[in-house]
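Single-letter residue listing:
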Amino acid sequence: MPNIKTLALNESREMRFRGGHSLCQGCGIPIVVRTVLNSIDTPVVVINATGCLEVATTRYPTTAWNVPWLHVAFENASAAASGVETAFRALIKRGALPDDKPITFVTFGGDGGTYDIGLQSLSGALERGHRFLYVCYDNEAYMNTGIQRSSATPFGADTTTSPAGTVSFGKAQQRKDLTAIAIAHHIPYIGQSAISHWQDLSNKVKFATTNMEGPAFLNVLSTCQLGWRHEPKDAISIARLAVETRFWPLYEVIDGHYRLTHEPLDNIPIENWLRLQGRFKHLFKPENKGLLNEIQTHVDKEWQRIYDLCESDKPYFKALEQSNQQLKINPSYA
Amino acid sequence: MLDNIKRYEQGDAALLVKREWCKGCNICVEACPSDILTLDDADKIKVTDMSKCVFCGICAARCPDFCITLERPESNLISNNSYETYTRK
């Protein structure tokens, strides 16, 4: 398994994605991209949905990418990936390309391009079973266009299209559970990870892309210091706190079986996470006390749902580990 | 690969810093277990005491701007002038 030193070494050996891009100070997205690309052994082709990542890394005439890279539009990143992947397999079938040199197709999309605009093409590609990895870097709003709410924005967050003030308390709806939507497609691998847990993310990418038999989907919590309104230096610790407060459970679903990959030890209230971010500042006014309770109740309910599913699948993974050595990719999972 | 890791642990490695890319977010300063990274007056990354570096690579894995890279001393990146090179020797 890649550990942090092999990741660091991979970066110098093969520069797939480099600096000099114009993403913001303290942005979480490059951390996602680097960990994902450095964890894949085969050559990669990257398909990029519109978003911060696409806009800030490919300002003409420069590019931060050192791999074949394709961008078409906001809504069709998965459709473009489907075409590229199918063309690759067709060329192998025709004998134009050798069949012993696999290529991994990776699609990056933000939460706007995945949860909202690209959902139909993602759903289609997952349903058709194309062999590609879709990585959604979820920073919980349309950060590129000026922090508008998306369906990934959590309840109560202050954005420019769900402003908090005297009438409104921020976004009035709960966030969409995209990971659950991906799971409903019954694809071989779905995972949820965060930038703070690089080993977890790296393991998931490695597992998803080794001997790929179908689509894999990863939902990775990123941060945005501009939209979340926190100090740039806190990017990692805030993402970690989202995991530790059980707002963002780290789990994976392999062939329909749930497995928790990180279990927070302490029961930290969600308030601790909300307090660090300017977008939730208004929730700490006395009149909004009820909203905090509502958020905590929702987080607890969602965590319990996933925890129960993972608990009931524990015997499955135990039996599998005893019978099949291949799945034992990481001893820390046991 | 394992050999390379062993060599890192023995200090046979170099920390390459490309200050020109640094945006001064302080993420590496927060992450460094040896507390040897800091920002200078121009808000760019600076290595203070290389003798304390354990070559853990956490700064290289965290930096959003790819300013920091771990390398073997013989790498051709080291002769590249755009990187500042730090070794323990």
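Everything in this summary refers to the structure shown in the same document. Every value quoted in this text rests on a predicted model; they were computed, and no experiment measured them. (Residues numbered from 1 in each chain as written. Chains lettered and ligands numbered in written order. Predicted model: local features only at pLDDT ≥ 70, side-chain atom pairs only at ≥ 80, totals over all residues. Heavy atoms only, no water.)

Looking only at helices and strands, chain A features 13 helices and 8 strands. Against the 2.2 N^0.38 benchmark of 20 Å for 334 residues, chain A shows a C-alpha radius of gyration of 20 Å, consistent with a compact globule. Along the first, second and third principal axes, the C-alpha atoms of chain A reach 70 × 55 × 35 Å. Of all 334 residues assigned to chain A, the portion counted as buried reaches 57%. Looking at chain A alone, contacts between residues at least 24 apart form 71% of all its contacts between residues at least 6 apart. Between the averaged position of the 33 positive side-chain charges in chain A and that of its 33 negative side-chain charges there is a distance of 3 Å. (Helix = DSSP H or I, 4+ residues; strand = E, 2+ residues; numbered from the N terminus. Rg over C-alpha atoms; globule rule 2.2 N^0.38 Å. Buried < 20%, exposed > 50% of the residue type's maximum accessible area, 1.4 Å probe, protein only. Contact = heavy atoms within 4.5 Å. Lys, Arg positive; Asp, Glu negative; His and termini not counted. Charge placed at Lys NZ, Arg CZ, Asp CG, Glu CD.)

Moving on, we come to the pairing of strand E1 (residues 14–17) of chain B. All names here are of chain B. Residues Ala14 and Leu16 point to one face of E1 and Leu15 and Val17 to the other, with burial holding for every one of them. In the sheet, E1 pairs with strand E4 (residues 68–71) via 4 bridges, with the strands oriented antiparallel. Paired with Leu16 across the bridge in E4 is Thr69. Sheet analysis places E1 next to strand E5 (residues 84–87), joined by 4 bridges and oriented antiparallel. (Pairing = 2+ DSSP bridges.)

With that settled, consider the sheet that holds E4(B). Residues and elements named next belong to chain B. Ordered in space as E4-E1-E5, the 3 strands form an open sheet in which the pairing is antiparallel. The outermost strands of the open sheet, each flanked by one partner alone, are E4 and E5. The sheet shows a mean angle of 25 degrees between the axes of neighbouring strands, direction not considered. (Axes fitted to C-alpha atoms, helices over the stretch in contact; angles between N-to-C directions.)

All names here are of chain A. In this structure, Thr245 sits in the loop between helix H10 (235–244) and strand E7 (250–254). Classification of Thr245 as buried rests on a relative accessible area of 1%. When neighbours within four sequence positions are excluded, Thr245 is seen to be in contact with Ile268, Pro269, Ile270, Trp273 and Val299.

Here we take up the pattern of salt bridges. Residue and element names in this part refer to chain A. Tallying each qualifying case throughout the model produces 16 salt bridges over all chains. With a shortest N-O distance of 2.8 Å, Arg89 and Glu85 are connected by a salt bridge. In this pair, Arg89 and Glu85 both sit in helix H4 (residues 77–94), 4 residues apart, roughly one turn of the helix. You can call Arg89 partly exposed: its relative accessible area is 35%. (Salt bridge = Lys/Arg side-chain N within 4 Å of Asp/Glu carboxyl O.)

Residues Val36(A), Phe108(A), Leu133(A) and Trp273(A) are the most contacted members of the largest nonpolar core, which totals 118 residues. With residues near it in sequence (within four places) discarded, Val36(A) still touches Val106(A), Phe108(A), Leu133(A), Val135(A), Leu201(A) and Val205(A). (Core = buried A, V, L, I, M, F, W, Y, C linked by side-chain atoms within 4.5 Å.)

Glancing now at the side chain of Asn48(A). Residue and element names in this part refer to chain A. One can find Asn48 in strand E1 (residues 44–48). Separated by 3.3 Å, the side chains of Asn48 and Trp69 make a polar contact. Among all residues touching Asn48, those that are not within four sequence positions of it are Leu53, Glu54, Trp65, Trp69, Leu70, His71, Val72, Ala77 and Phe108. (Polar contact = N/O pair within 3.5 Å; in protein donor to acceptor, adjacent residues only side chain to side chain.)

All told, the structure shown has 16 aromatic pairs over all chains when counted by the stated rule. Judged by centre distance (5.9 Å) and plane angle (85 degrees), the rings of Trp228(A) and Trp273(A) are edge-to-face. Of the two residues, Trp228(A) is situated in helix H9 (residues 225–228) and Trp273(A) in helix H11 (residues 271–275); the sequence distance between them amounts to 45 residues. An identical accessibility class is assigned to Trp228(A) and Trp273(A); each is buried. Taking 5.9 Å as the distance between ring centres and 50 degrees as the angle between the ring planes, the aromatic pair formed by Trp273(A) and Phe280(A) counts as tilted. Taken individually, Trp273(A) and Phe280(A) each receive the classification buried, so the pair is uniform in this respect. Ring-pair connections join several aromatic residues into one group, and the members of that group are Phe17(A), Trp65(A), Trp69(A), Phe108(A) and Phe66(B). The residue whose ring lies beneath Arg34(A) is Phe66(B), and the NZ or CZ to ring-centre distance is 4.6 Å. Taking NZ or CZ as reference, Lys18(B) lies 5.0 Å from the ring centre of Tyr83(B), over its face. (Phe/Tyr/Trp six-rings, centres within 6.5 Å; stacked < 30°, edge-to-face > 60°. Lys NZ or Arg CZ within 6 Å of the ring centre and 35° of its normal.)

Another aspect to go through is the pairing of strand E4 (residues 133–138) of chain A. All names here are of chain A. Counted residue by residue, E4 has 6 buried out of 6 residues, so it is predominantly covered. Because side chains alternate across E4, one face comprises the buried residues Leu133, Val135 and Tyr137, and the other comprises Tyr134, Cys136 and Asp138, equally buried. By the bridge criterion, 5 bridges tie strand E3 (residues 104–110) to E4 in an arrangement that is parallel. Of the residues in E4, the one forming a bridge with Thr107 is Tyr134. In the sheet, E4 pairs with strand E6 (residues 216–221) via 6 bridges, with the strands oriented parallel. Its bridge partner being in E6, Leu133 is matched across the sheet by Ala216.

One full turn of an α-helix is made of 3.6 residues, so residues set three or four places apart face in the same direction. Residues and elements named next belong to chain A. Helix length check: helix H12 (residues 289–312) (24 residues) gives 35 Å between terminal C-alpha atoms against 34 Å at 1.5 Å per residue, within 8%. If you check which residues of H12 are buried, you get Leu291, Leu292, Ile295, Gln296, Val299, Trp303, Ile306 and Cys310. Lining the buried residues of H12 we find E7, strand E8 (257–262), H11 and helix H13 (314–323). (Expected span 1.5 Å × (residues − 1).)

All names here are of chain A. Given a rise of 1.5 Å per residue, 18 residues ought to cover 26 Å, and the 26 Å separating the end C-alpha atoms of H4 matches this to within 8%. Those residues of H4 that sit buried are Ala77, Ser78, Ala80, Ala81, Ser82, Glu85 and Phe88. Buried residues along H4 sit in contact with E1, strand E2 (69–71), E3, helix H6 (119–128) and E4. Trailing H4 by a residue or two, Gly95 shows a phi angle of about 90 degrees, which is positive.

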